[in-house]
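# Topology and contacts: notes
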Amino acid sequence: MYPKVFESLVESFRKLPGVGLKTAERYTFQVIEWSDENIEQFIEGLSNIKTGIHRCEVCGNLSEKEICEICTDQSRDSSTICVVQSPKDVIAMEKTKEYDGLYHVLNGVISTSKGILPEDINISSLLNRIVENTKEIIIATNPTVEGETTALYLSRLLEPYHVNVTR
Ligand code: ZN
């Protein structure tokens, strides 16, 4: 039996994807070895995660402010919106430095097997964003069954709008 404090931290680590009991215990032993500074940083990160991170009101991306830096950046091409599944996809696209349009983060995909319906993900706000200036919507969902289903749903939904929809 480990001390209660230890067990409690193990339980927290086990909630992370792919972390079993052995790994969680290894992480906990590791944390014990950390410097006070590292522990402070970890505590600060955890305690701010709920209050310091929002979903951007416009695009759904993770943001420190109500509207994210990409949406407020006037130098970006606002006529193009790239639809992605998660904030991770935005980061990956930004790293390539080849895209300077805007994003729309669905925060999920339609999945009949998991019971995730179009209204469960960030779709309705996408339609509100289509203005006269909008020329192109790029659907960049992942090439999985769910990603394809979502892309097909979106392209049908966008048909009545006068925008180019590309995959
Ligand atoms: Zn945004």
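Being a predicted model, the structure only gives us computed values, none of them experimental. (Residues numbered from 1 in each chain as written. Predicted model: local features only at pLDDT ≥ 70, side-chain atom pairs only at ≥ 80, totals over all residues. Heavy atoms only, no water.)

### A short note on a nonpolar patch on the surface
Among the surface-exposed residues, Y2, F29 and I32 lie close enough to one another that they form a single nonpolar patch of about 290 Å² accessible area. Mapped onto the elements of the fold, F29 is located in helix α2 (residues 21-33). (Patch = residues over 30% accessible without salt bridge, like charges linked within 9 Å, V, L, I, M, F, W, Y side chains within 5 Å. Areas by Shrake-Rupley, 256 points an atom, 1.4 Å probe, with all protein chains shown as cover. Salt bridge = Lys/Arg side-chain N within 4 Å of Asp/Glu carboxyl O. Helix = DSSP H or I, 4+ residues; strand = E, 2+ residues; numbered from the N terminus.)

### A look at the packing of helix α1 (residues 4-14) against α2
Two elements in contact, α1 and α2, have axes separated by 8 Å at closest approach and are oriented at 125 degrees. The orientation of α1 with respect to α2, classified from their angle, is oblique. In this structure, α1 crosses over α2, and the sense of that crossing is right-handed. Contacts between α1 and α2 involve F6, L9, V10, F13 and R14 on the former and, on the latter, L21, A24, E25, Y27, T28, F29, V31 and I32. Taken together, the residues of the contact of α1 with α2 sort by class into ten nonpolar, one polar and two charged. (Axes fitted to C-alpha atoms, helices over the stretch in contact; angles between N-to-C directions. Parallel < 35°, antiparallel > 145°, perpendicular 65-115°, else oblique. Left-handed = near helix turned anticlockwise from the far one by under 90°. Contact = heavy atoms within 4.5 Å. Nonpolar A, V, L, I, M, F, W, Y, C, P; charged D, E, K, R; others polar.)

### Observations regarding the packing of aromatic side chains
Inspection of every chain in the model, using the stated rule, returns seven aromatic pairs. Taking the centre distance of 5.8 Å and the plane angle of 80 degrees together, the rings of Y2 and F29 count as edge-to-face. Of the two residues, Y2 sits in the segment before α1 while F29 sits in helix α2, which places them 27 residues apart along the sequence. We classify Y2 as partly exposed; its relative accessible area is 32%. Among the aromatic side chains, those forming a connected cluster through ring pairs are F13, Y27, W34 and F42. (Phe/Tyr/Trp six-rings, centres within 6.5 Å; stacked < 30°, edge-to-face > 60°. Buried < 20%, exposed > 50% of the residue type's maximum accessible area, 1.4 Å probe, protein only.)

### Some details on the environment of A140
Along the polypeptide, A140 turns up in the loop between β5 (136-139) and α7 (145-158). Taking the relative accessible area as the measure of exposure, A140 reaches 28% and is therefore partly exposed. Taking the C-alpha atoms as reference, A140 lies 15 Å from L158; in sequence the two are 18 residues apart. Sequence-distant contacts of A140, that is, excluding residues within four places in its chain, are made with C82, V83, V84 and R167.

### Section: the pairing of β5
Residues in a regular strand project their side chains so that they alternate between the two faces of the sheet. Across the two faces of β5 the burial differs, with I137 and I139 buried and E136 and I138 not buried at all. In terms of strand pairing, strand β3 (residues 77-84) meets β5 through four bridges, oriented parallel. By the bridge assignment, I81 is partnered in β5 with I137. Examined bridge by bridge, β5 and strand β6 (residues 164-166) share three bridges and lie parallel to one another. If you follow I138 over to β6, its bridge partner there is T166. (Pairing = 2+ DSSP bridges.)

### A closer look at a negative patch on the surface
A contiguous patch of negative charge, built from E64, E69, D73 and D100, is present on the exposed surface. Following the sequence through the fold, E69 ends up in helix α4 (residues 69-72). Classification of E69 as exposed rests on a relative accessible area of 64%. (Lys, Arg positive; Asp, Glu negative; His and termini not counted. Charge placed at Lys NZ, Arg CZ, Asp CG, Glu CD.)

### A short note on the sheet that holds strand β4 (residues 101-105)
Here we have four strands laid out as an open sheet, ordered β4-β3-β5-β6, and parallel in their pairing. Each edge of the sheet is formed by a strand with only one pairing partner; in this case those strands are β4 and β6. Direction aside, the axes of adjacent strands within the sheet are offset by 25 degrees on average. Lying over the sheet, helix α5 (residues 87-96) contacts β3 and β4, oriented at roughly 160 degrees with respect to β4. The strands that α7 touches are β3, β5 and β6; relative to β5, the one it contacts most, it runs at about 165 degrees.

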